[in-house]
Amino acid sequence: MHTSVEIIEKTKQFVKKELENAEGGHDWFHTHRVFKNAMLISKNESVNLLVVSLGALLHDIADSKFYKGDETIGPQKARQFLFENNVDSTVIEHVVNIIKHISFKGGNEAQTFSSSELDVVQDADRLDAIGAIGIARTFNYGGFKNRKLFDPDIKPNLKMTKAEYKISEAPTLNHFYEKLLLLKDRMNTKTGKTIAEKRHQYMEQFLDQFYAEWDGKK
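Read on for an overview of the structure. Chains are numbered independently. Their residues run from 1 in the order of the written sequence. Only residues with pLDDT of 70 or above have their local features reported here, since the model is predicted, and side-chain atom pairs are shown and tallied only from 80 upward, although totals for entire chains, interfaces and linings are computed over all residues. Side-chain measures were taken over the full set of non-hydrogen atoms in the model, leaving aside hydrogen atoms and water.

Leu54, Leu58, Leu82, Val95 and Phe176 are the most contacted members of the largest nonpolar core, which totals 54 residues. Strands are runs of DSSP state E lasting at least 2 residues, helices are runs of H or I lasting at least 4, and numbering of each runs from the N terminus. A per-element tally of this core places helix H3 (residues 49-58) first, with 7 residues. Residue types Ala, Val, Leu, Ile, Met, Phe, Trp, Tyr and Cys, when buried and joined through side-chain atoms within 4.5 Å, form a set referred to as a nonpolar core. Categorising residues by exposure relies on relative accessible area from a 1.4 Å probe, with only protein chains included: less than 20% of the type maximum marks a residue as buried, more than 50% marks it as exposed, and the intermediate range marks it as partly exposed.

Pasting the structure below:
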């Protein structure tokens, strides 16, 4: 049986290797930022740190966006890795549930699993989707998918189903309205809410500047 420190270290090495060639917004550095966010938030929460650590490190081990929408691969990979490293079965189940339920998925999905640990990891992941890094990741992914930066004739769709959200090919700027600007009000923890507020304001300033430049005003 590994100690918590050992299994966390082994998990880091596993994730680094798995995400070696991942798209820039969903790579090891994204995972590591989410892990650091989760550790920061956990300081003010009563949670199982091993579950939070493993949930944060494995949350994007096989993002369905890069597996033709298949949401089963990530949980399977995580379960297999943790089982092979003799992690306690209750911890494995909790981590797998975090991976299954962390995602935004269009925002209209009812959540069927809840825990304080999921709250922390979800906030940690959402924080990396907003602010300066959130902006950078959004445009990086838009470029990866060869999407337009902006098209004034294509309006954001705020009532997307999960299926529509998954296949959306809208301009990158629409994603701010369809996801990023919604996250501030969906944070679970006090720490998450405080950090999100500041990052949200930064995105609003960015959008003001973007539209001004688009219209040739400054």
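Turning our eyes to something else, we now look at the layout of surface pockets. Using only the protein atoms, space was sampled on a 1 Å grid; points where a 1.4 Å probe fits but cannot get out form cavities, open sets with protein on both sides within 12 Å along at least five of seven lines form pockets, and lining residues are those with an atom within 4 Å of a point. Grid points are joined across faces, edges and corners, and a volume is the space filled by probe spheres set on the points. Its boundaries defined by the atoms lining it, the largest pocket holds a volume of some 1,200 Å³. Residue lining of the largest pocket: 45 residues in total, with His26, Asp63, Lys65, Ser103 and Tyr165 positioned closest to the centre. Listed by contribution, the elements that provide at least two residues to the lining of the largest pocket are helix H4 (73-84), helix H5 (89-101), helix H6 (116-127), helix H7 (131-144), helix H8 (162-167) and helix H9 (172-178). Looking at which element gives the most residues to the lining of the largest pocket, the answer is H7, with 5 residues. For this classification, the nonpolar set comprises Ala, Val, Leu, Ile, Met, Phe, Trp, Tyr, Cys and Pro, the charged set comprises Asp, Glu, Lys and Arg, and every other residue, Gly included, is treated as polar. Grouping the constituent residues of the lining of the largest pocket by class yields 15 nonpolar, 12 polar and 18 charged.

Take Tyr202: it is sitting in helix H10 (residues 190-214). Residues Tyr202 and Leu173, 29 residues apart in the sequence, show an inter-C-alpha distance of 15 Å. In this description, contact between two residues means that some pair of their heavy atoms is separated by no more than 4.5 Å. The contact partners of Tyr202, leaving out residues within four places of it in the chain, are Gly131, Ala132 and Ile135.

This part is about the packing of aromatic side chains. Geometry of an aromatic ring pair is reported as the spacing of the ring centres plus the angle between the planes. Working definition: a ring pair exists when centres of Phe, Tyr or Trp rings (six-membered ring for Trp) sit within 6.5 Å. Plane angles under 30 degrees give stacked, over 60 give edge-to-face, the rest tilted. Counted by the stated rule, this structure contains 11 aromatic pairs. Here Phe14 and Phe81 contribute two aromatic rings whose centre-to-centre distance is 4.2 Å and whose plane-to-plane angle is 10°, an arrangement assigned as stacked. Remark: Phe81 occurs in helix H4 and Phe14 occurs in helix H1 (residues 4-18); sequence separation between them is 67 residues. A relative accessible area of 8% means that Phe81 is categorised as buried. Note on Phe139 and Phe206: the rings are 6.0 Å apart at their centroids and 65° apart in plane angle, and the pair reads as edge-to-face. One end of the pair, Phe139, is in helix H7; the other, Phe206, is in helix H10, and 67 residues separate them in sequence. The exposure class assigned to Phe206 is partly exposed, which follows from its relative accessible area of 25%. Among the aromatic side chains, those forming a connected cluster through ring pairs are Phe139, Phe150, Phe176, Phe206, Phe210, Tyr211 and Trp214.

Turning next to H10. Expected span of a helix: the number of residues minus one, times 1.5 Å. For H10, built from 25 residues, the straight-helix expectation of 36 Å at 1.5 Å per residue is met to within 8% by its first-to-last C-alpha distance of 36 Å. For H10, the complete set of buried residues consists of Thr191, Gly192, Ala196, His200, Met203, Leu207, Phe210 and Ala212. Looking at the buried side of H10, the elements it contacts are helix H2 (28-42), H6, H7 and H9. Taken from the residues just after H10, Gly216 is the one with a positive phi, measuring 70°.

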